[in-house]
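A closer look at the structure
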Amino acid sequence: MKTLNKVKTSIWINALSAIIIGILFLINPQESFQMITIIAGIIITATGILDFIYYFNGWLDIYFMKNTLLSGFLKCLLGIFVLTHIPLMTTFFSYIFSLYIIVSALFEAYTFIKSMISYSLTFDYVVVTILIFTGLAMFFLAPSTVISSSFVIGILFLINGISNLFIAFRLTRIIKQYRTYIQ
């Protein structure tokens, strides 16, 4: 019973935090995205500092210590760069995201052409073509795609939070039924 209550609490916290984050992304997309960039910079810098600590304290086995000094140095440099160039990094994310869409769409097109046995071939090509043009539009309109990406992220967080709320409600009802069954 304790495990079920812990799972239920975890799902409730996950659902409510996802809904709050989704609302924040929908209300204030640019600043929310910049906050994610700041958090990413802090995490990268912190992992670099931890690599330094691991290297100089010898907490890791000698086999694993080969690259910790170099990776710690590079992570600290990258984290500091991210923290000092936040608007640039949000635009950079937009470019990387659009390139990811283009490359994944081209890979899908390659697998469709290679197999040639798909029964929904025309639909797949239409979807791939739309994805390629979307990626190209996002690439050439990169600063404005940060806001649209934030809207999409906010909507996805809201969907995830609402679906977790349904799971939490069902789990609460199941726990109540289980308690009455045991008594």
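Source: prediction; values computed, not measured.

1. Focus: the environment of Pro29
You can see Pro29 is positioned in helix α2 (residues 29-57). What makes Pro29 buried here is its relative accessible area of 11%. Separated by 123 residues in the primary sequence, Pro29 and Val152 have C-alpha atoms spaced 9.8 Å apart. Among residues more than four places away in sequence, those in contact with Pro29 are Leu24, Ile147, Ser150 and Phe151.

2. Comments concerning the side chain of Thr45
Of note, Thr45 is situated in helix α2. Aside from chain neighbours lying at most four places away, what touches Thr45 is Lys75, Cys76, Gly79, Ile80 and Leu83.

3. Describing helix α1 (residues 2-27)
Look at α1: 37 Å from first C-alpha to last across 26 residues, which is about the 38 Å you get at 1.5 Å a residue. Of the residues making up α1, those classed as buried are Lys8, Ile11, Ala15, Ala18, Ile19, Gly22 and Phe25.

4. Regarding the environment of Ile167
Inspection of the secondary structure puts Ile167 in helix α6 (residues 142-182). Using a relative accessible area of 41% as the deciding quantity, one classes Ile167 as partly exposed. Along the sequence, Ile167 and Ala15 sit 152 residues apart, while their C-alpha atoms lie 9.1 Å from each other.

Analysis parameters
- Residues numbered from 1 in each chain as written.
- Predicted model: local features only at pLDDT ≥ 70, side-chain atom pairs only at ≥ 80, totals over all residues.
- Heavy atoms only, no water.
- Helix = DSSP H or I, 4+ residues; strand = E, 2+ residues; numbered from the N terminus.
- Buried < 20%, exposed > 50% of the residue type's maximum accessible area, 1.4 Å probe, protein only.
- Contact = heavy atoms within 4.5 Å.
- Expected span 1.5 Å × (residues − 1).

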